[in-house]
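Remarks on the overall topology
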Amino acid sequence: MNDSSIAVNSPTAFATSLSRVPGVAWILGLLVLTFALASRDFLSGANLLNIGLQSVILLMLALPMTLIIMTEGVDISMGALLTLSSVVLAWVLAHDGSLMLALAASIITGLVFGLMNGMLVALVKMPPFVVTLGTMGVAQGLALLATDGQSIVVSNDTLQAVYAGSLAGIPQTLLIGAVGYAVTHWLLYHTRFGTYVFALGGNPDALKLAGIRANVYLIAVYAFGGVMTGLAALILTARMSSGHPTAAIGMEFDAIAAVVVGGTSFEHGNGWLFGTLLGVLAVGALRNGLNLLTVPSSVQVSCIGLLVIVALVIDSFKGKK
Amino acid sequence: MNTTIPLLELRGISKQFPGVKALDKVSFAVYSGEVHMLVGENGAGKSSLMKVLCGAYSADEGEFFFNGEKVAIKSPADARKFGIAVIFQEFSLVPYLSIAQNIFLGREFPARFPGMVDHARMHREAKKILDLLGLDIPTKTLVHDLGVAQQQMVEIAKALSQNARILVMDEPTAALSDRETERLFVMIRQLQSEGVAIVYISHRMAEVFSMGDRITVLRDGKKVASLLPGEATPDELVHLMVGRSVDRSYARNFCQTEGELILEVKNLTSANGVKGVSLTVRSGEIVGLSGLVGAGRTEVARAIFGADKVTSGEVWLHAKAHRGGPDKAVAAGIALVPESRKAEGLALIRSICDNLMLPGLPLAFPSRLYKAADARQIASALIDRLRIATPSSQRPVRLLSGGNQQKVVIGKWLGSNSRLFIVDEPTRGIDVGAKAEIFALIDQLVSQGAGVLMISSELSEIVQVCDRSYVMRDGRIAGHLSREQLSEENILKLSVHHE
């Protein structure tokens, strides 16, 4: 999957994306410029790599979040689920399980929660916000229960190698992010599943009249979110060398922010995956830049909130033209 | 081709909804190569029958026969298996997918890898169908970026692409211009000659008689007649549909004296494609604004109402310059009855009472305190005056028929002292009986001193109802026709590029 395939095979998406470029690209450019002026370290190679590495976890959540939001849904359980998956992964490793087994357990945890979210939304017809608010609580509680509130420290060389190692000079963490992006892009723009994601938000009746079992695909969207969260837990656990019961609390906020900043709308199945990538980088650059300027993390949350508002204001002005 | 056995036959179909028997033992047959017109008032059961046909509803009782064999149609997938395709009136399109993706939704061409879509082939096939329809738009265009008429054409393309043996159309021409309609009719004739059976729902008498090989009339969920076009006149058909005699000429007393000037628009230009439009509306007259779909009629209405940004020109109301958004327009006594009553005219889930009261709240309750009992009383009086068929003022508007919904949209302005009514396609999707009532209501408004600017795509309506009419073309006023000059032919001449 290379960039040209975006242009050649999904020109519809590309045409929409062109008209949106200013919104999120402006923001990203402005952030980079501001931080480059404020801190000499910001544009250093090491720091840019750092932004990339720090953004991969967020990207792994924001990718499926884009699809979920396109179906006019939302998943606010992702942060708690990422935490639980990380705890599960660490627990299996700490009990002498292999990394493969631990990763499988983490992904299955994500999948189970994703399926649960999807089925409650699609079959029981509950509002996604309420459903995932509930599963957020469940996941958070289970993480605390399993750890008794303490970190599960892991010292596993393979796990460290996954995070810190590189392949052909490229850090493996970045490769995981790239593969995650490529797979999601392929799913959204080149498969029937992706076409139906657009339809789920745009006109679910059209799907039903076309004889498609819309619910199956709606459940699949949430299940995909669970699996990606389980995968992201691998990177999170490796980075912290532990599974901590509050490690990723609130991460869904960053993910939703990145998606919205990237130009995906909560209505009519109007989504843009490349925008999400830019949105993730904007949130990542903002967090990193504020860290360099030693701004406390509480203020950082406010800044991300402002970022979302600014992005929406810019897009609404563009919409009026 | 065996013409004695119907391609598809429905026998004794019944469908019950809470409180309504939508279909009552309806039998219906369609033969290969015929255009079967399905007519009836709104709520007569046409749409329900169509939904049973295509598997969207499953019938409570009744049998289906395909080529003489008993079959079951319980889901859209079943219907598709028998080659039944439907062109829906309410669009079944996905806004952020391309034209091609919409045409082949649910029937994507598989590529090498399971689950993958062969985009190249999809766009090729879509192009072929658009060419057949004479539609020159890139297949990669998002449906979101299309106008209503173009969306309707995509809907038609979608049904055609299914190589249907039975094609069901629900008022396919409602949103089309005359040229597109003509193109569609050529397509229909061609499909017919290929042996496709066509079920066609229409409110337009001209179409029913010119296109139909057989006409079935539904009323109150029952089949009341099935006849050949030669066996009835339009008036007789209308009589069968409504069960009472309706005067199709909407006779009214045309304005004799020149009333006081209510609206004067001078050189109005808007960001939305209105180019230097000037017009006047006087008290006591119905002024038509006609032209083809896309000529800018709705845009003029929106610009006067302040819903679109006016870039230059003036609007004078009662000899005073008027400017500003819809709030100012309402305060100045302008009422807009929008083109899309469901999306712009009504709060569908709220009650008739709530909808009727909305614009007139400040007048009805100067103290700013809402009194539910008073509101119900005012609403009930309006419901009687408008003759809205409903058991209660508390009934949600979405449960009303199209005609009654339209009465609510017009009626809600009666409580707000409006003097100028801009009505945009007031009879779209409304049956003949309700049309006459809507026109009677509009006539009542002007006889009480209001002025009406009426937009309509149906030339016959403009000719029959209006005191005079402007004709638009490409965002400009192409001409003005007095009562004496008003004829369908003259309107059409001004509408098209035709010197």
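As the structure is a prediction and not an experimental result, all values here were calculated from the model.

This part takes up the overall build of chain B. Scanning chain B from terminus to terminus reveals 18 helices and 20 strands. Computed over the C-alpha atoms, the radius of gyration of chain B is 24 Å, within 12% of the 23 Å expected from 2.2 N^0.38 for a compact globule of 499 residues. When the backbone C-alpha atoms are referred to their principal axes, chain B occupies close to 70 × 50 × 45 Å. Burial analysis of chain B (499 residues in total) assigns 54% to the buried set. Looking at chain B alone, contacts between residues at least 24 apart form 67% of all its contacts between residues at least 6 apart. Carbon together with sulfur atoms contributes 50% to the accessible area of chain B, which is approximately 21,300 Å² in total. Of the charged side chains in chain B, 59 are positive and 56 negative, and the gap between their average positions amounts to 5 Å.

Our next topic: the overall build of chain A. The number of helices and strands found in chain A is 14 helices and four strands. In chain A, which comprises 321 residues, the proportion classed as buried is 53%. In chain A, 78% of the contacts between residues at least 6 apart in sequence involve partners at least 24 apart. Carbon and sulfur atoms make up 70% of the accessible area of chain A, which amounts to about 13,300 Å² in all.

All right, on to the confidence of the model for chain A then. Residue and element names in this part refer to chain A. The share of residues in chain A with pLDDT of 70 or more is 92%, and the mean pLDDT across the chain is 88. Here helix 1 (residues 3-9) stands out as the element of chain A with the lowest mean pLDDT, 39, in contrast to helix 5 (residues 99-122), whose mean of 96 is the highest. Overall, residues 1-9 carries pLDDT values under 50, and its contacts beyond four positions in sequence, including any with other chains, amount to twelve contacts.

Hydrogen bonds along the backbone pair up the strands of a sheet, which may run parallel or antiparallel. All names here are of chain B. Strand order in the open sheet formed by six strands is 16-17-18-13-19-20, and the pairing between neighbours is mixed. Looking at strand neighbours, the two that pair on one side only are strand 16 (334-337) and strand 20 (476-481), the edges of this open sheet. The mean angle between the axes of side-by-side strands here comes to 20°, regardless of whether they run parallel or antiparallel. Relative to strand 17 (residues 420-424), strand 16 runs parallel, the two sharing four bridges. Bridge pairing in strand 17 places Ile334 opposite Leu420. Sheet strands touched by helix 9 (residues 297-305): strand 13 (286-291), strand 16, strand 17, strand 18 (451-455) and strand 19 (468-473). Its angle to strand 16, the strand with the most contacts, is close to 145°. Helix-sheet contacts for helix 16 (residues 432-447) involve strand 13, strand 17 and strand 18, and the interaxial angle to strand 18 is about 145°.

Glancing now at the interface of chain A and chain B. Taken together, the 25 residues of chain A in the interface contact 23 residues of chain B. Between chain A and chain B lies a buried interface of about 2,100 Å² when both sides are counted; carbon and sulfur atoms form 67% of it. Where chain A packs against chain B, one counts one salt bridge. A salt bridge links B:Glu108 to A:Arg192; its shortest N-O distance comes to 3.8 Å. Connecting chain A to chain B are seven residue pairs in polar contact (both at pLDDT 80 or more). Mapped by element, the contributors of at least two residues to the side of chain A that touches chain B are helix 2 (11-38), helix 8 (172-190), helix 9 (192-202) and helix 10 (204-209) of chain A. When residues in the side of chain A that touches chain B are grouped by element, the largest group, six residues, is from helix 9 of chain A.

All names here are of chain A. It is at 8 Å that the axes of helix 3 (residues 45-70) and helix 12 (residues 251-261) come closest, and there the two elements cross at 60°. The two elements helix 3 and helix 12 cross, and the hand of that crossing is right-handed. Here Ile57, Leu58, Leu61, Ala62, Met65, Thr66 and Ile69 of helix 3 come into contact with helix 12, specifically with Met251, Glu252, Asp254, Ala255, Ile256, Ala258 and Val259. In terms of residue class, the contact of helix 3 with helix 12 is built from eleven nonpolar, one polar and two charged.

Our focus in this paragraph is the domain arrangement of chain B. Residue and element names in this part refer to chain B. On domain assignment, one finds that chain B holds domain 1 (8-241) and domain 2 (261-495). Computed over C-alpha atoms only, the centres of domain 1 and domain 2 are separated by 31 Å. Listed per partner, the contact involves 17 residues of domain 1 and 14 residues of domain 2. Here domain 1 meets domain 2 over a buried area of about 1,100 Å², counting both sides, of which 54% is carbon and sulfur. In this structure, the connection of domain 1 to domain 2 is made through zero salt bridges. Our enumeration of links across domain 1 and domain 2 arrives at zero residue pairs in polar contact (both at pLDDT 80 or more). By residue class, the composition of the side of domain 1 that touches domain 2 is seven nonpolar, five polar and five charged.

A few words on the sheet that holds strand 12 (residues 277-282) of chain B. Residues and elements named next belong to chain B. Spatially, the four strands line up as an open sheet ordered 12-11-14-15, and their pairing is antiparallel. Strands at the two margins of the open sheet, each flanked by one partner only, are strand 12 and strand 15 (320-322). For this sheet, the mean angle separating the axes of adjacent strands, direction not counted, is 20°. Where strand 14 (residues 310-317) and strand 15 come together, three bridges link them in antiparallel fashion.

Now for the packing of aromatic side chains. Summed over the entire model, instances satisfying the criterion amount to ten aromatic pairs over all chains. Ring centres of A:Phe35 and A:Phe42 lie 5.4 Å apart, and the angle between their planes is 35°; on these two criteria the pair is classed as tilted. As far as burial versus exposure is concerned, A:Phe35 and A:Phe42 are alike and both buried. The interplanar angle of 50° and the centroid separation of 6.2 Å between the aromatic rings of A:Tyr189 and A:Phe198 together place this pair among those described as tilted. Among the residues examined, A:Tyr189 registers a relative accessible area of 8% and is labelled buried. An aromatic cluster is built from A:Phe193, A:Tyr196 and A:Tyr217, whose rings are joined through pairwise contacts. Lying across the ring of B:Phe65, B:Arg11 places its NZ or CZ 4.0 Å from the centre.

Before going further, it helps to examine the environment of B:Ser392. As for its position among the elements, B:Ser392 is in the loop between helix 14 (372-386) and helix 15 (402-411). Residues B:Ser392 and B:Asp170, spaced 222 residues apart in sequence, show a C-alpha to C-alpha distance of 30 Å.

Of note, A:His268 is a non-glycine position whose phi angle comes to about 65°, a positive value. One non-glycine residue, B:Glu425, lies in positive phi territory at about 45°. Looking at where B:Glu425 falls in the secondary structure, it is placed in the loop between strand 17 and helix 16. On the basis of relative accessibility, which here comes to 6%, the residue B:Glu425 falls in the buried class.

All names here are of chain B. Burial within strand 3 (residues 35-40) is extensive, with six of its six residues counted as buried. Burial of the side chains of strand 3 extends over both faces: Val35, Met37 and Val39 are buried on one face and His36, Leu38 and Gly40 on the other. Pairing geometry for strand 3 and strand 8 (residues 197-201), over four bridges, is parallel. Bridging from a neighbouring strand, Leu38 pairs with Ile201 of strand 8.

The subject of this paragraph is the pattern of salt bridges. Residue and element names in this part refer to chain B. Scanning all chains against the criterion turns up 22 salt bridges over all chains. Here Glu425 and Arg428 are joined by a salt bridge, their closest N and O atoms 3.8 Å apart. Take Arg428: its relative accessible area is 25%, and that puts it in the partly exposed class. Three or more residues joined by partner-sharing salt bridges are found here, namely Arg297, Glu339, Glu425 and Arg428.

What follows deals with helix 12 of chain A. Counting buried positions along helix 12 of chain A yields ten of eleven residues, so the element is predominantly enclosed. For helix 12 of chain A, the set of buried residues is A:Met251, A:Glu252, A:Asp254, A:Ala255, A:Ile256, A:Ala257, A:Ala258, A:Val259, A:Val260 and A:Val261.

In this section: the nonpolar core. One finds A:Leu67, A:Leu82, A:Leu159, A:Leu188, A:Phe198, A:Leu207 and B:Leu105 to be the most contacted residues of the largest nonpolar core, which totals 100 residues. For this core, the element with the highest residue contribution is helix 3 of chain A, accounting for 14 residues. Discounting chain neighbours no more than four positions away, the residues touching A:Leu67 are A:Thr184, A:Leu188, A:Phe193, A:Val197, A:Val221, A:Phe224 and A:Leu273. In terms of nonpolar packing, the next biggest core, distinct from the first, is built from 70 residues, B:Val274, B:Leu336, B:Cys353 and B:Leu356 among them.

The rules we used
- Residues numbered from 1 in each chain as written.
- Chains lettered and ligands numbered in written order.
- Predicted model: local features only at pLDDT ≥ 70, side-chain atom pairs only at ≥ 80, totals over all residues.
- Heavy atoms only, no water.
- Helix = DSSP H or I, 4+ residues; strand = E, 2+ residues; numbered from the N terminus.
- Rg over C-alpha atoms; globule rule 2.2 N^0.38 Å.
- Buried < 20%, exposed > 50% of the residue type's maximum accessible area, 1.4 Å probe, protein only.
- Contact = heavy atoms within 4.5 Å.
- Areas by Shrake-Rupley, 256 points an atom, 1.4 Å probe, with all protein chains shown as cover.
- Lys, Arg positive; Asp, Glu negative; His and termini not counted.
- Charge placed at Lys NZ, Arg CZ, Asp CG, Glu CD.
- pLDDT = per-residue confidence, 0-100.
- Pairing = 2+ DSSP bridges.
- Axes fitted to C-alpha atoms, helices over the stretch in contact; angles between N-to-C directions.
- Buried area = accessible area lost by both parts, 1.4 Å probe.
- Salt bridge = Lys/Arg side-chain N within 4 Å of Asp/Glu carboxyl O.
- Polar contact = N/O pair within 3.5 Å; in protein donor to acceptor, adjacent residues only side chain to side chain.
- Left-handed = near helix turned anticlockwise from the far one by under 90°.
- Nonpolar A, V, L, I, M, F, W, Y, C, P; charged D, E, K, R; others polar.
- Domains from an automatic or database assignment.
- Phe/Tyr/Trp six-rings, centres within 6.5 Å; stacked < 30°, edge-to-face > 60°.
- Lys NZ or Arg CZ within 6 Å of the ring centre and 35° of its normal.
- Core = buried A, V, L, I, M, F, W, Y, C linked by side-chain atoms within 4.5 Å.

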